[in-house]
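# Analysis of the macromolecular model
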Amino acid sequence: MRSTIEPEEATRSFPSDTGASAMLVNILGITDDAKCYEVVRQLRWPEGVHCPHCEAHEVVKQGRDETEPQRQRYECRSCGHRFDDLTGTIFAGHHQPLRVWVLVLYFMGLNLSNEQIAKELDLDPDDTQRMATLLREGVVRRKPEVQLSGEVECDEVYVVAGHKGHPEAVRKKGDPVGEGG
Ligand SMILES: [Zn+2]
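Being a predicted model, the structure only gives us computed values, none of them experimental.

Another aspect to go through is helix α6 (residues 125-137). Its 13 residues give α6 an end-to-end C-alpha distance of 19 Å, which sits within 8% of 18 Å, the value for a rise of 1.5 Å per residue. After α6 finishes, the residue Gly138 shows a positive phi value of roughly 115°.

With that settled, the discussion passes to the sheet that holds strand β1 (residues 59-64). Read across the open sheet, the 3 strands follow the order β1-β2-β3; overall the sheet is antiparallel. The strands lining the two open edges of the sheet, one partner per strand, are β1 and β3 (82-84). Between one strand axis and the next, the sheet turns by 30° as a mean value, whatever way the strands run. As paired elements, β1 and strand β2 (residues 72-76) share 4 bridges and run antiparallel to each other. Residue pairing in the sheet places Val60 in a bridge with Glu75 of β2.

Moving on to the pairing of β2. Relative to β3, β2 runs antiparallel, the two sharing 3 bridges. Looking at β3, one finds that Arg73 is bridged to Asp84. Two successive antiparallel strands, β2 and β3, enclose a turn made up of 5 residues, where Gly80 displays a positive phi of approximately 80°.

With 12 residues, helix α3 (residues 33-44) extends 17 Å between its outermost C-alpha atoms, agreeing within 8% with the 16 Å of an ideal straight helix rising 1.5 Å per residue. Residues of α3 that are buried: Cys36, Tyr37, Val40 and Arg44. The arc that holds the buried residues of α3, viewed along the axis, is 95°, so those residues lie on one side. Exposed residues on α3 whose side chains face more than 90 degrees from its buried face are Ala34 and Gln42.

Within the secondary structure layout, Thr128 lies in helix α6. For Thr128 and Ala118, which are 10 residues apart along the polypeptide, the C-alpha to C-alpha distance reads 5.9 Å. Dropping the residues within four chain positions of it, Thr128 is found in contact with Val104, Asn114, Ile117, Ala118 and Leu123.

Our focus in this paragraph is the environment of Glu47. You can see Glu47 is positioned in the loop between α3 and β1. Note: C-alpha distance between Glu47 and His57 (10 residues apart in sequence) is 9.5 Å.

As a further point, take the confidence of the model for the protein. The predicted model of the protein averages 76 in pLDDT, with 61% of residues at 70 or higher. Mean pLDDT across the secondary structure elements of the protein bottoms out at helix α1 (residues 7-12), with 39, and peaks at β2, with 98. This stretch, residues 1-18, has a pLDDT under 50; its non-local contacts, to residues over four places away or in other chains, come to 2 contacts. The low-confidence segment residues 148-165, where pLDDT is below 50, has 6 contacts with residues more than four positions distant or belonging to other chains.

Another aspect to go through is the packing of helix α5 (residues 114-121) against α6. Viewed as axis vectors pointing N to C, α5 and α6 meet at an angle of 120°, and their least axial separation amounts to 9 Å. Note on packing geometry: the crossing formed by α5 with α6 is right-handed. Of the residues in α6, those touching α5 at Asn114, Glu115, Ile117 and Ala118 are Pro125, Thr128, Gln129 and Ala132. When its residues are assigned to classes, the contact of α5 with α6 shows 4 nonpolar, 3 polar and 1 charged.

Across the interface, helix α4 (residues 98-109) lies against α5 with an axial gap of 10 Å and an inter-helix angle of 135°. When the interaxial angle is binned, α4 and α5 end up oblique. For the crossing formed where α4 meets α5, the hand is right-handed. Side by side, α4 and α5 meet where Val100, Leu103, Val104 and Phe107 of the first sit next to Ile117, Glu120 and Leu121 of the second. Across the contact of α4 with α5, the residue classes break down as 6 nonpolar, no polar and 1 charged.

Basis of the calculations
- Residues numbered from 1 in each chain as written.
- Predicted model: local features only at pLDDT ≥ 70, side-chain atom pairs only at ≥ 80, totals over all residues.
- Helix = DSSP H or I, 4+ residues; strand = E, 2+ residues; numbered from the N terminus.
- Expected span 1.5 Å × (residues − 1).
- Pairing = 2+ DSSP bridges.
- Axes fitted to C-alpha atoms, helices over the stretch in contact; angles between N-to-C directions.
- Buried ≥ 20, exposed ≤ 12 C-beta atoms within 10 Å, placed from the backbone.
- Arc of directions from axis to C-beta.
- Contact = placed C-beta atoms within 7 Å.
- pLDDT = per-residue confidence, 0-100.
- Left-handed = near helix turned anticlockwise from the far one by under 90°.
- Nonpolar A, V, L, I, M, F, W, Y, C, P; charged D, E, K, R; others polar.
- Parallel < 35°, antiparallel > 145°, perpendicular 65-115°, else oblique.

As structure tokens, this is what we get:
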């Protein structure tokens, strides 16, 4: 460990934050949108793009997203399903831009705590924790296990729907109050 630096040497080398500068370069590389989408593709499709609906690998590119030009669209040759780089991932529909997610992932790789990440990226600590938790579980959103609890639930749905269309009929059936008093 060098504790003293000759003035001459100090002027020749970078300022004391050389390490930070090197890290900044890496981060700037990641914040490039094209790189971010590359990262996502590698994470979700390590063996090549496949349809999130039917898993088929026969997909064709279908242009780019209008607002995010690096976001590639695809169409499945097998089932016709249309999707893009973010379809079915934890990034879709979230208010944080993709590069913020990738930066959180990057800092997680550096073993920064959620608090440190929040501070570095000027994020809400609760938000950061939610993002980190999702990232740890994987970038592809898990399908919730569908569990139908039987006919009772179906009846409820039917009554609600019926109420919208025919409130009188539902009131007569379900609400004895007011009928003959
Ligand atoms: Zn498909």
